[in-house]
Amino acid sequence: MRRGILSGMQARHVQAGVGLLLLAVLAAACGSSGSKNEGPRDSGPSVVEDAGGDGGRPEDAGGTVSDAGPDGGVPEDAGTPEPDAGAPEDAGTLEDAGTPEPDGGVEPLACEKTHGVCAGARRAWVDGAYEAVCTGRSYGADYEEGAETRCDGLDNDCDGVTDPSIWSRVTSLETALGRVSSLKTDSGVFVSIGDNNRVLILRLSSELAIQGTASVSMPWIRTGAEAGLLQHAQLVRTEAGFALHYSTAALNGAAPLRAYLVPLDARGAPTPLPEGGLVEHLLLDRASDSGSTRVATSVAGDKVVVIWRSGSAQSPPMQVMGTVTDAQGQVLIAPKSLFTSEGNVTQKLANALWLRNGEILVGMSDERSGLTGDTVRLRRFDANLDPVGAERSFETSYEAMPLLLDLGSARGGPLASPVLVLRVSYAPDWTRQLQVVQNLFGGGGPEKWAEAPTTETVWYGALADEGVLRLGWLAEFKDHEAPPPGGDDWLGWNGRLWTLDEGQAAVDRSPDSEYLPLHRYAQWVLMEKLAPRRVGAMYMTTTPDGSSLDSVRYCTP
(Lines give C-alpha, C1' and ligand atoms only; values in the text may rest on other atoms or scores of the structure.)
Protein backbone atom coordinates (compact mmCIF):
# COMPACT_ATOMS: atom_id res chain seq x y z
CA MET A 1 0.00 0.00 0.00
CA ARG A 2 2.82 2.38 0.91
CA ARG A 3 4.63 1.49 -2.31
CA GLY A 4 1.57 2.57 -4.29
CA ILE A 5 1.38 5.88 -2.44
CA LEU A 6 5.06 6.54 -3.08
CA SER A 7 4.57 5.78 -6.77
CA GLY A 8 1.80 8.38 -7.00
CA MET A 9 3.94 10.97 -5.31
CA GLN A 10 6.81 10.14 -7.62
CA ALA A 11 4.53 10.50 -10.61
CA ARG A 12 3.45 13.95 -9.52
CA HIS A 13 7.08 14.94 -8.91
CA VAL A 14 8.07 13.70 -12.37
CA GLN A 15 5.27 15.76 -13.98
CA ALA A 16 6.47 18.88 -12.18
CA GLY A 17 10.05 18.19 -13.23
CA VAL A 18 9.03 17.70 -16.85
CA GLY A 19 7.11 20.98 -16.74
CA LEU A 20 10.12 22.85 -15.42
CA LEU A 21 12.34 21.22 -18.01
CA LEU A 22 10.01 22.26 -20.82
CA LEU A 23 9.91 25.81 -19.48
CA ALA A 24 13.72 25.89 -19.41
CA VAL A 25 13.96 24.60 -23.00
CA LEU A 26 11.46 27.19 -24.24
CA ALA A 27 13.32 30.00 -22.46
CA ALA A 28 16.62 28.84 -23.94
CA ALA A 29 15.06 28.79 -27.41
CA CYS A 30 13.80 32.35 -26.98
CA GLY A 31 17.22 33.48 -25.79
CA SER A 32 18.95 31.94 -28.84
CA SER A 33 16.93 34.06 -31.29
CA GLY A 34 19.00 37.23 -30.61
CA SER A 35 21.88 38.66 -32.66
CA LYS A 36 25.12 36.76 -32.87
CA ASN A 37 26.82 39.90 -31.66
CA GLU A 38 25.00 39.90 -28.31
CA GLY A 39 27.11 40.52 -25.23
CA PRO A 40 26.66 40.09 -21.49
CA ARG A 41 25.50 43.67 -20.94
CA ASP A 42 21.83 43.97 -19.82
CA SER A 43 21.13 40.22 -20.47
CA GLY A 44 19.87 39.34 -16.92
CA PRO A 45 19.48 35.79 -15.42
CA SER A 46 17.95 33.27 -17.82
CA VAL A 47 15.53 30.48 -17.04
CA VAL A 48 18.08 27.83 -17.95
CA GLU A 49 20.51 29.16 -15.35
CA ASP A 50 17.81 29.27 -12.68
CA ALA A 51 16.65 25.65 -13.16
CA GLY A 52 20.04 24.03 -13.46
CA GLY A 53 21.21 20.45 -12.75
CA ASP A 54 20.78 20.72 -8.96
CA GLY A 55 17.05 20.13 -9.45
CA GLY A 56 16.27 23.71 -8.60
CA ARG A 57 16.81 25.03 -5.10
CA PRO A 58 13.86 26.88 -3.53
CA GLU A 59 15.63 30.21 -3.79
CA ASP A 60 16.43 29.57 -7.47
CA ALA A 61 13.37 27.99 -9.00
CA GLY A 62 10.62 28.11 -6.38
CA GLY A 63 8.61 24.85 -5.97
CA THR A 64 10.81 21.96 -7.09
CA VAL A 65 10.62 18.26 -5.98
CA SER A 66 12.63 19.01 -2.86
CA ASP A 67 10.12 21.76 -1.90
CA ALA A 68 7.20 19.31 -1.86
CA GLY A 69 8.26 17.55 1.37
CA PRO A 70 6.85 14.33 2.78
CA ASP A 71 3.33 15.66 2.87
CA GLY A 72 3.21 15.22 -0.88
CA GLY A 73 2.49 18.87 -1.77
CA VAL A 74 0.21 19.80 -4.64
CA PRO A 75 1.01 20.52 -8.30
CA GLU A 76 0.01 24.16 -8.11
CA ASP A 77 2.42 24.68 -5.19
CA ALA A 78 5.23 22.95 -7.04
CA GLY A 79 4.71 24.75 -10.35
CA THR A 80 4.32 28.36 -9.14
CA PRO A 81 7.68 30.15 -9.00
CA GLU A 82 8.35 32.84 -6.43
CA PRO A 83 7.92 36.38 -7.85
CA ASP A 84 11.59 37.20 -7.21
CA ALA A 85 13.05 33.95 -8.47
CA GLY A 86 12.83 33.74 -12.19
CA ALA A 87 9.55 35.47 -13.08
CA PRO A 88 9.39 36.69 -16.72
CA GLU A 89 9.95 40.31 -15.80
CA ASP A 90 13.14 39.40 -13.95
CA ALA A 91 14.37 36.40 -15.90
CA GLY A 92 15.09 38.01 -19.24
CA THR A 93 12.86 39.33 -22.02
CA LEU A 94 13.64 39.81 -25.72
CA GLU A 95 14.54 43.43 -25.00
CA ASP A 96 16.81 42.62 -22.05
CA ALA A 97 18.42 39.33 -22.90
CA GLY A 98 17.79 38.27 -26.49
CA THR A 99 18.63 41.42 -28.56
CA PRO A 100 21.85 43.20 -27.55
CA GLU A 101 22.67 46.65 -28.92
CA PRO A 102 23.96 46.33 -32.55
CA ASP A 103 27.02 48.48 -31.82
CA GLY A 104 28.12 46.38 -28.85
CA GLY A 105 26.88 48.99 -26.43
CA VAL A 106 30.07 51.06 -26.70
CA GLU A 107 29.90 54.77 -27.47
CA PRO A 108 31.48 55.39 -30.95
CA LEU A 109 34.50 57.65 -31.16
CA ALA A 110 34.41 60.94 -33.07
CA CYS A 111 35.63 60.96 -36.70
CA GLU A 112 38.88 62.49 -37.87
CA LYS A 113 37.31 65.28 -39.97
CA THR A 114 35.33 67.92 -38.18
CA HIS A 115 34.52 70.61 -40.77
CA GLY A 116 31.57 70.97 -43.11
CA VAL A 117 29.26 67.98 -43.48
CA CYS A 118 31.65 66.00 -41.24
CA ALA A 119 30.96 68.15 -38.17
CA GLY A 120 29.82 65.99 -35.25
CA ALA A 121 30.23 62.71 -37.17
CA ARG A 122 31.01 59.53 -35.21
CA ARG A 123 32.30 56.21 -36.48
CA ALA A 124 29.78 53.92 -38.12
CA TRP A 125 29.34 50.28 -37.04
CA VAL A 126 30.38 48.21 -40.06
CA ASP A 127 30.70 44.39 -40.14
CA GLY A 128 30.76 44.01 -36.37
CA ALA A 129 33.16 46.84 -35.57
CA TYR A 130 33.48 50.59 -35.67
CA GLU A 131 35.28 52.05 -38.70
CA ALA A 132 38.98 52.45 -37.97
CA VAL A 133 39.08 55.40 -40.37
CA CYS A 134 35.83 57.22 -41.10
CA THR A 135 34.39 56.98 -44.60
CA GLY A 136 31.16 58.10 -46.21
CA ARG A 137 29.33 55.59 -44.01
CA SER A 138 30.27 57.68 -41.01
CA TYR A 139 30.13 61.13 -42.61
CA GLY A 140 26.85 60.68 -44.48
CA ALA A 141 25.49 60.98 -48.01
CA ASP A 142 26.70 64.57 -48.54
CA TYR A 143 30.35 63.61 -48.00
CA GLU A 144 32.78 63.47 -50.96
CA GLU A 145 36.21 61.90 -50.72
CA GLY A 146 38.92 64.04 -52.29
CA ALA A 147 37.93 67.05 -54.40
CA GLU A 148 34.37 68.32 -54.31
CA THR A 149 32.27 67.80 -57.42
CA ARG A 150 28.98 69.30 -56.24
CA CYS A 151 27.81 72.88 -56.13
CA ASP A 152 25.37 72.56 -53.25
CA GLY A 153 26.49 75.21 -50.78
CA LEU A 154 28.14 72.59 -48.53
CA ASP A 155 31.71 71.77 -47.57
CA ASN A 156 31.44 68.22 -48.94
CA ASP A 157 35.08 67.16 -48.47
CA CYS A 158 35.29 68.74 -45.01
CA ASP A 159 38.39 70.83 -45.66
CA GLY A 160 36.84 74.03 -44.37
CA VAL A 161 36.08 75.44 -47.86
CA THR A 162 32.57 75.45 -49.31
CA ASP A 163 32.19 74.87 -53.07
CA PRO A 164 35.87 75.60 -53.91
CA SER A 165 37.15 76.54 -57.34
CA ILE A 166 39.12 73.87 -59.21
CA TRP A 167 42.04 74.81 -61.46
CA SER A 168 43.57 72.66 -64.20
CA ARG A 169 45.83 72.87 -67.22
CA VAL A 170 43.86 71.77 -70.27
CA THR A 171 46.69 71.48 -72.80
CA SER A 172 49.73 73.18 -74.27
CA LEU A 173 49.18 75.49 -77.24
CA GLU A 174 51.21 75.63 -80.42
CA THR A 175 50.64 79.37 -80.83
CA ALA A 176 49.72 82.32 -78.67
CA LEU A 177 48.14 84.11 -81.62
CA GLY A 178 45.22 81.75 -82.16
CA ARG A 179 41.67 82.84 -82.86
CA VAL A 180 39.54 81.09 -80.27
CA SER A 181 35.91 80.24 -79.55
CA SER A 182 33.99 77.67 -77.52
CA LEU A 183 30.63 75.89 -77.60
CA LYS A 184 28.91 73.47 -75.20
CA THR A 185 26.99 70.55 -76.75
CA ASP A 186 25.60 67.23 -75.53
CA SER A 187 28.94 65.66 -76.51
CA GLY A 188 31.10 67.95 -74.41
CA VAL A 189 32.73 71.36 -74.43
CA PHE A 190 34.42 72.21 -77.71
CA VAL A 191 37.19 74.79 -78.14
CA SER A 192 38.44 75.98 -81.53
CA ILE A 193 41.93 77.46 -81.83
CA GLY A 194 42.94 78.77 -85.22
CA ASP A 195 46.43 79.48 -86.49
CA ASN A 196 47.45 80.33 -90.03
CA ASN A 197 47.18 76.84 -91.49
CA ARG A 198 44.44 75.06 -89.56
CA VAL A 199 41.80 75.29 -86.86
CA LEU A 200 42.38 72.84 -84.02
CA ILE A 201 39.20 71.61 -82.31
CA LEU A 202 39.44 70.25 -78.76
CA ARG A 203 36.71 68.10 -77.25
CA LEU A 204 36.64 68.46 -73.47
CA SER A 205 34.72 66.76 -70.68
CA SER A 206 32.62 68.60 -68.12
CA GLU A 207 35.82 68.66 -66.01
CA LEU A 208 37.54 70.43 -68.94
CA ALA A 209 39.85 67.48 -69.58
CA ILE A 210 40.71 66.62 -73.18
CA GLN A 211 38.69 63.74 -74.63
CA GLY A 212 39.84 64.09 -78.22
CA THR A 213 41.07 66.46 -80.93
CA ALA A 214 40.25 67.14 -84.57
CA SER A 215 41.33 69.79 -87.06
CA VAL A 216 40.20 71.65 -90.16
CA SER A 217 43.04 72.52 -92.51
CA MET A 218 42.92 75.73 -94.51
CA PRO A 219 42.11 75.49 -98.22
CA TRP A 220 45.67 76.23 -99.33
CA ILE A 221 46.87 73.25 -97.30
CA ARG A 222 44.23 70.89 -98.70
CA THR A 223 44.08 72.04 -102.32
CA GLY A 224 47.39 73.74 -103.04
CA ALA A 225 45.61 77.05 -103.68
CA GLU A 226 47.36 80.36 -103.14
CA ALA A 227 48.26 80.80 -99.49
CA GLY A 228 46.06 83.08 -97.41
CA LEU A 229 45.48 84.37 -93.90
CA LEU A 230 42.94 83.04 -91.40
CA GLN A 231 40.87 86.01 -90.25
CA HIS A 232 38.26 84.52 -87.94
CA ALA A 233 37.14 81.15 -86.54
CA GLN A 234 33.91 80.54 -84.65
CA LEU A 235 31.89 77.48 -83.54
CA VAL A 236 28.14 77.76 -84.19
CA ARG A 237 25.00 75.62 -83.82
CA THR A 238 23.09 74.45 -86.89
CA GLU A 239 20.05 72.30 -87.56
CA ALA A 240 22.38 69.34 -88.19
CA GLY A 241 24.40 69.74 -84.99
CA PHE A 242 27.25 72.22 -84.89
CA ALA A 243 29.79 73.60 -87.34
CA LEU A 244 32.93 75.68 -87.70
CA HIS A 245 32.71 79.03 -89.44
CA TYR A 246 35.99 80.52 -90.63
CA SER A 247 37.01 83.30 -93.00
CA THR A 248 40.20 83.99 -94.94
CA ALA A 249 41.87 86.83 -96.82
CA ALA A 250 45.06 87.24 -98.80
CA LEU A 251 48.38 86.96 -96.94
CA ASN A 252 48.55 90.73 -96.42
CA GLY A 253 44.95 90.82 -95.19
CA ALA A 254 43.71 92.20 -98.48
CA ALA A 255 40.99 90.92 -100.83
CA PRO A 256 39.54 88.47 -101.60
CA LEU A 257 37.44 87.78 -98.49
CA ARG A 258 35.91 84.32 -98.26
CA ALA A 259 33.77 82.69 -95.55
CA TYR A 260 33.04 78.99 -95.04
CA LEU A 261 30.89 76.70 -92.91
CA VAL A 262 32.26 73.22 -92.06
CA PRO A 263 29.78 70.72 -90.54
CA LEU A 264 31.26 68.79 -87.61
CA ASP A 265 30.29 65.42 -86.15
CA ALA A 266 29.68 64.70 -82.47
CA ARG A 267 33.45 64.41 -81.91
CA GLY A 268 34.14 67.77 -83.54
CA ALA A 269 35.62 66.26 -86.71
CA PRO A 270 34.77 67.35 -90.27
CA THR A 271 33.43 64.89 -92.85
CA PRO A 272 36.39 63.78 -94.98
CA LEU A 273 36.37 63.52 -98.76
CA PRO A 274 38.78 61.67 -101.07
CA GLU A 275 42.24 63.08 -101.67
CA GLY A 276 42.35 65.03 -98.41
CA GLY A 277 39.20 67.05 -98.95
CA LEU A 278 36.38 67.71 -96.53
CA VAL A 279 32.75 68.78 -96.63
CA GLU A 280 32.48 72.57 -96.38
CA HIS A 281 30.09 75.20 -97.72
CA LEU A 282 31.15 78.53 -99.18
CA LEU A 283 29.06 81.26 -97.55
CA LEU A 284 30.76 84.33 -98.99
CA ASP A 285 33.20 85.19 -101.77
CA ARG A 286 33.96 88.92 -102.09
CA ALA A 287 36.60 89.69 -104.68
CA SER A 288 37.06 93.33 -103.61
CA ASP A 289 36.47 93.16 -99.85
CA SER A 290 38.88 92.29 -97.06
CA GLY A 291 38.93 92.16 -93.29
CA SER A 292 36.98 89.62 -91.29
CA THR A 293 33.48 88.21 -90.81
CA ARG A 294 31.00 87.35 -88.06
CA VAL A 295 28.08 84.96 -88.29
CA ALA A 296 24.96 84.01 -86.35
CA THR A 297 22.58 81.12 -86.94
CA SER A 298 18.79 81.23 -86.69
CA VAL A 299 16.98 79.75 -83.70
CA ALA A 300 16.13 76.69 -85.82
CA GLY A 301 19.72 76.51 -87.08
CA ASP A 302 18.69 76.40 -90.74
CA LYS A 303 19.89 79.89 -91.72
CA VAL A 304 23.13 81.84 -91.36
CA VAL A 305 23.60 85.60 -91.37
CA VAL A 306 27.10 86.77 -92.36
CA ILE A 307 28.37 90.31 -91.71
CA TRP A 308 31.58 91.95 -92.93
CA ARG A 309 33.11 95.34 -93.74
CA SER A 310 33.33 96.90 -97.17
CA GLY A 311 35.18 100.05 -98.28
CA SER A 312 37.37 102.42 -96.27
CA ALA A 313 37.94 106.11 -95.60
CA GLN A 314 40.19 106.18 -98.66
CA SER A 315 37.75 104.13 -100.73
CA PRO A 316 34.22 105.05 -99.65
CA PRO A 317 31.52 104.26 -98.89
CA MET A 318 32.41 102.53 -95.64
CA GLN A 319 29.75 99.96 -94.96
CA VAL A 320 28.94 97.00 -92.79
CA MET A 321 27.33 94.50 -95.11
CA GLY A 322 25.14 91.46 -94.48
CA THR A 323 23.79 88.44 -96.31
CA VAL A 324 21.70 85.40 -95.37
CA THR A 325 22.29 81.84 -96.58
CA ASP A 326 21.00 78.43 -95.65
CA ALA A 327 23.22 75.99 -93.78
CA GLN A 328 24.60 74.70 -97.10
CA GLY A 329 25.66 78.15 -98.33
CA GLN A 330 22.75 78.79 -100.69
CA VAL A 331 22.15 82.55 -100.75
CA LEU A 332 18.68 83.46 -99.46
CA ILE A 333 19.10 87.23 -99.07
CA ALA A 334 21.58 89.01 -101.34
CA PRO A 335 24.18 91.30 -99.71
CA LYS A 336 22.79 94.53 -98.27
CA SER A 337 24.29 97.53 -96.51
CA LEU A 338 23.46 97.47 -92.78
CA PHE A 339 25.51 100.47 -91.54
CA THR A 340 27.25 103.32 -93.35
CA SER A 341 30.02 105.36 -91.72
CA GLU A 342 31.53 108.69 -92.68
CA GLY A 343 34.56 110.71 -91.71
CA ASN A 344 37.92 109.68 -90.34
CA VAL A 345 36.80 106.50 -88.57
CA THR A 346 37.54 102.79 -88.74
CA GLN A 347 34.66 100.36 -88.68
CA LYS A 348 34.93 97.42 -86.28
CA LEU A 349 32.57 94.45 -86.20
CA ALA A 350 31.02 93.44 -82.91
CA ASN A 351 28.71 90.46 -83.45
CA ALA A 352 25.20 89.49 -84.51
CA LEU A 353 22.30 87.78 -82.73
CA TRP A 354 19.36 86.03 -84.32
CA LEU A 355 16.51 86.88 -81.95
CA ARG A 356 13.63 84.58 -81.00
CA ASN A 357 11.12 86.74 -82.91
CA GLY A 358 13.02 86.17 -86.17
CA GLU A 359 14.76 89.55 -86.17
CA ILE A 360 18.53 89.96 -86.44
CA LEU A 361 20.42 92.29 -84.09
CA VAL A 362 23.79 93.57 -85.33
CA GLY A 363 26.44 95.54 -83.44
CA MET A 364 29.47 97.48 -84.69
CA SER A 365 31.57 100.48 -83.70
CA ASP A 366 33.12 103.49 -85.39
CA GLU A 367 36.60 104.02 -83.93
CA ARG A 368 37.63 107.66 -84.24
CA SER A 369 41.22 108.51 -85.09
CA GLY A 370 43.62 109.65 -82.39
CA LEU A 371 42.24 107.19 -79.83
CA THR A 372 39.59 109.77 -78.98
CA GLY A 373 36.74 107.32 -78.55
CA ASP A 374 34.21 105.06 -80.23
CA THR A 375 30.60 105.23 -81.25
CA VAL A 376 28.97 101.87 -80.62
CA ARG A 377 25.99 101.32 -82.91
CA LEU A 378 23.18 98.75 -82.79
CA ARG A 379 20.29 98.03 -85.11
CA ARG A 380 17.60 95.41 -85.63
CA PHE A 381 16.77 93.94 -89.03
CA ASP A 382 14.00 91.67 -90.24
CA ALA A 383 14.53 88.33 -91.98
CA ASN A 384 15.12 90.21 -95.27
CA LEU A 385 17.81 92.40 -93.66
CA ASP A 386 15.60 95.49 -93.83
CA PRO A 387 15.89 97.88 -90.83
CA VAL A 388 13.42 97.62 -87.97
CA GLY A 389 13.04 100.56 -85.60
CA ALA A 390 15.62 103.23 -84.90
CA GLU A 391 19.35 102.75 -84.52
CA ARG A 392 20.80 102.99 -81.01
CA SER A 393 24.26 104.39 -80.36
CA PHE A 394 26.56 104.91 -77.34
CA GLU A 395 29.56 107.23 -77.09
CA THR A 396 32.37 105.35 -75.37
CA SER A 397 36.10 105.40 -74.86
CA TYR A 398 38.50 103.89 -77.38
CA GLU A 399 38.29 100.14 -78.12
CA ALA A 400 35.06 99.52 -76.25
CA MET A 401 34.93 95.86 -77.35
CA PRO A 402 31.11 95.77 -77.65
CA LEU A 403 29.51 92.35 -77.27
CA LEU A 404 25.84 91.43 -77.65
CA LEU A 405 24.31 88.52 -75.72
CA ASP A 406 20.78 87.14 -75.54
CA LEU A 407 19.94 86.04 -71.99
CA GLY A 408 17.04 83.93 -73.24
CA SER A 409 13.37 83.56 -72.40
CA ALA A 410 14.08 83.45 -68.65
CA ARG A 411 14.91 87.16 -68.96
CA GLY A 412 11.75 88.09 -70.82
CA GLY A 413 10.54 88.51 -74.40
CA PRO A 414 12.79 88.56 -77.48
CA LEU A 415 13.30 92.32 -77.26
CA ALA A 416 13.80 92.34 -73.47
CA SER A 417 16.48 89.63 -73.20
CA PRO A 418 19.38 91.04 -75.30
CA VAL A 419 22.11 92.97 -73.44
CA LEU A 420 25.25 94.84 -74.48
CA VAL A 421 28.61 94.61 -72.67
CA LEU A 422 31.19 97.40 -73.03
CA ARG A 423 34.77 98.03 -71.89
CA VAL A 424 35.33 101.72 -71.15
CA SER A 425 37.68 104.16 -69.41
CA TYR A 426 36.85 107.79 -68.69
CA ALA A 427 38.56 110.89 -67.30
CA PRO A 428 39.50 112.05 -64.79
CA ASP A 429 40.68 108.85 -63.08
CA TRP A 430 40.67 106.64 -66.19
CA THR A 431 39.78 103.52 -64.25
CA ARG A 432 38.83 100.61 -66.48
CA GLN A 433 35.19 99.59 -66.31
CA LEU A 434 32.99 96.84 -67.59
CA GLN A 435 29.55 98.25 -68.31
CA VAL A 436 26.30 96.51 -69.20
CA VAL A 437 23.34 97.99 -71.07
CA GLN A 438 20.00 96.30 -70.44
CA ASN A 439 16.58 97.15 -71.90
CA LEU A 440 18.30 97.98 -75.18
CA PHE A 441 15.08 98.90 -76.99
CA GLY A 442 13.40 100.66 -74.09
CA GLY A 443 15.94 103.39 -73.39
CA GLY A 444 18.35 101.47 -71.13
CA GLY A 445 21.77 103.01 -70.55
CA PRO A 446 25.22 101.76 -69.50
CA GLU A 447 25.64 100.58 -65.89
CA LYS A 448 29.01 99.94 -64.23
CA TRP A 449 29.39 96.29 -63.21
CA ALA A 450 33.11 96.04 -62.48
CA GLU A 451 36.29 98.10 -62.58
CA ALA A 452 40.07 97.72 -62.57
CA PRO A 453 42.91 100.13 -61.72
CA THR A 454 44.09 102.62 -64.31
CA THR A 455 47.33 100.67 -64.78
CA GLU A 456 45.50 97.51 -65.88
CA THR A 457 43.90 96.54 -69.17
CA VAL A 458 40.75 94.40 -69.14
CA TRP A 459 40.06 91.61 -71.64
CA TYR A 460 36.76 89.91 -71.01
CA GLY A 461 34.37 87.14 -71.97
CA ALA A 462 30.70 86.63 -71.10
CA LEU A 463 28.14 83.87 -70.67
CA ALA A 464 24.34 83.98 -70.92
CA ASP A 465 23.17 81.41 -68.38
CA GLU A 466 19.39 80.90 -68.37
CA GLY A 467 18.55 84.55 -67.83
CA VAL A 468 21.68 85.42 -65.83
CA LEU A 469 24.70 87.31 -67.20
CA ARG A 470 28.12 86.08 -66.03
CA LEU A 471 31.40 87.85 -66.82
CA GLY A 472 35.03 86.77 -66.69
CA TRP A 473 38.10 88.88 -67.42
CA LEU A 474 41.87 89.11 -67.26
CA ALA A 475 43.14 92.34 -65.67
CA GLU A 476 46.65 92.76 -67.11
CA PHE A 477 49.63 95.05 -66.69
CA LYS A 478 53.28 95.12 -67.71
CA ASP A 479 56.38 96.62 -66.13
CA HIS A 480 58.00 98.02 -69.25
CA GLU A 481 61.17 98.87 -67.31
CA ALA A 482 61.84 95.23 -66.48
CA PRO A 483 63.55 92.95 -69.02
CA PRO A 484 60.98 90.64 -70.64
CA PRO A 485 61.16 86.91 -69.83
CA GLY A 486 63.45 85.10 -72.25
CA GLY A 487 64.09 88.38 -74.05
CA ASP A 488 60.67 88.13 -75.76
CA ASP A 489 58.91 91.51 -75.84
CA TRP A 490 55.55 89.78 -76.24
CA LEU A 491 56.01 88.35 -72.74
CA GLY A 492 56.23 90.01 -69.35
CA TRP A 493 52.53 90.75 -69.01
CA ASN A 494 51.03 89.80 -65.66
CA GLY A 495 47.48 89.63 -64.45
CA ARG A 496 44.67 88.16 -62.40
CA LEU A 497 41.56 86.29 -63.49
CA TRP A 498 38.25 87.65 -62.20
CA THR A 499 34.63 86.57 -62.54
CA LEU A 500 31.36 88.29 -61.74
CA ASP A 501 27.89 86.77 -61.42
CA GLU A 502 25.03 89.16 -61.89
CA GLY A 503 24.04 90.78 -58.62
CA GLN A 504 27.19 89.53 -56.81
CA ALA A 505 30.63 90.93 -56.04
CA ALA A 506 33.59 90.22 -58.30
CA VAL A 507 35.72 87.22 -57.30
CA ASP A 508 39.44 86.73 -57.93
CA ARG A 509 39.67 83.26 -59.55
CA SER A 510 43.45 83.21 -59.95
CA PRO A 511 44.93 79.89 -58.75
CA ASP A 512 47.26 81.44 -56.15
CA SER A 513 48.76 84.69 -54.95
CA GLU A 514 51.23 84.89 -57.84
CA TYR A 515 50.32 86.87 -60.93
CA LEU A 516 49.44 84.89 -64.04
CA PRO A 517 52.23 85.01 -66.67
CA LEU A 518 50.59 86.33 -69.83
CA HIS A 519 51.31 86.98 -73.49
CA ARG A 520 50.58 90.31 -75.14
CA TYR A 521 47.72 88.59 -76.98
CA ALA A 522 46.17 86.88 -73.97
CA GLN A 523 43.14 88.96 -74.82
CA TRP A 524 40.26 86.59 -74.26
CA VAL A 525 38.37 84.52 -71.71
CA LEU A 526 36.08 81.67 -72.79
CA MET A 527 33.13 80.80 -70.54
CA GLU A 528 30.79 77.80 -70.66
CA LYS A 529 28.20 76.30 -68.33
CA LEU A 530 29.40 72.83 -67.35
CA ALA A 531 26.62 71.62 -65.02
CA PRO A 532 23.90 73.12 -62.84
CA ARG A 533 25.52 75.92 -60.82
CA ARG A 534 28.99 75.17 -62.26
CA VAL A 535 30.77 77.35 -64.83
CA GLY A 536 34.13 76.94 -66.52
CA ALA A 537 36.43 79.79 -67.57
CA MET A 538 39.37 79.18 -69.91
CA TYR A 539 42.31 81.48 -70.58
CA MET A 540 45.90 81.41 -71.90
CA THR A 541 49.10 81.69 -69.90
CA THR A 542 52.57 82.00 -71.46
CA THR A 543 56.15 81.61 -70.27
CA PRO A 544 59.41 81.31 -72.27
CA ASP A 545 58.68 77.56 -72.37
CA GLY A 546 55.44 78.06 -74.30
CA SER A 547 51.72 78.80 -74.01
CA SER A 548 49.02 76.77 -72.26
CA LEU A 549 45.26 76.66 -72.15
CA ASP A 550 44.33 76.83 -68.47
CA SER A 551 40.95 76.66 -66.78
CA VAL A 552 39.05 77.16 -63.57
CA ARG A 553 35.75 75.51 -62.67
CA TYR A 554 33.69 77.30 -60.08
CA CYS A 555 30.26 77.25 -58.47
CA THR A 556 27.77 80.02 -59.04
CA PRO A 557 25.38 81.43 -56.43
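Residues numbered from 1 in each chain as written. Predicted model: local features only at pLDDT ≥ 70, side-chain atom pairs only at ≥ 80, totals over all residues. Heavy atoms only, no water.

1. Re the state of the cysteines
This structure, assessed with the given rule, holds three disulfides. Residue pairing for C111: its cysteine sulfur links by disulfide to C134, the two sulfurs lying 2.1 Å apart. Between C111 and C134 the disulfide shows an S-S torsion of about -85 degrees. By sign, it is left-handed. Residue C111 is located in the loop between helix 6 (94–98) and strand 1 (125–126), and its partner C134 is located in the loop between strand 2 (129–130) and helix 7 (136–139); the two are separated by 23 residues in the primary sequence. Note on C111: relative accessible area 7%, which makes it buried. Taken in N- to C-terminal order, the disulfide-linked cysteines of the chain are connected 1-3, 2-5, 4-6. (Disulfide = S-S within 2.5 Å. Helix = DSSP H or I, 4+ residues; strand = E, 2+ residues; numbered from the N terminus. Buried < 20%, exposed > 50% of the residue type's maximum accessible area, 1.4 Å probe, protein only.)

2. A short note on the packing of aromatic side chains
The final tally for this structure, using the stated rule, is seven aromatic pairs. Pairing W125 with Y130 gives two aromatic rings, centres 4.9 Å apart and planes at 85 degrees, and the pair type is edge-to-face. Given the relative accessible area of 22%, Y130 is considered partly exposed. Their ring planes at 45 degrees and their centres at 4.7 Å tell us that F190 and F242 sit as a pair that is tilted. In this pair, F190 sits in strand 5 (residues 188–194) while F242 sits in strand 9 (residues 241–250), placing the two residues 52 residues apart along the sequence. Accessibility classification places F190 together with F242 in one group, the buried group. Over the ring of F441 we find R380; its NZ or CZ atom is 4.9 Å from the centre of that ring. Over the ring of Y521 we find R520; its NZ or CZ atom is 6.0 Å from the centre of that ring. (Phe/Tyr/Trp six-rings, centres within 6.5 Å; stacked < 30°, edge-to-face > 60°. Lys NZ or Arg CZ within 6 Å of the ring centre and 35° of its normal.)

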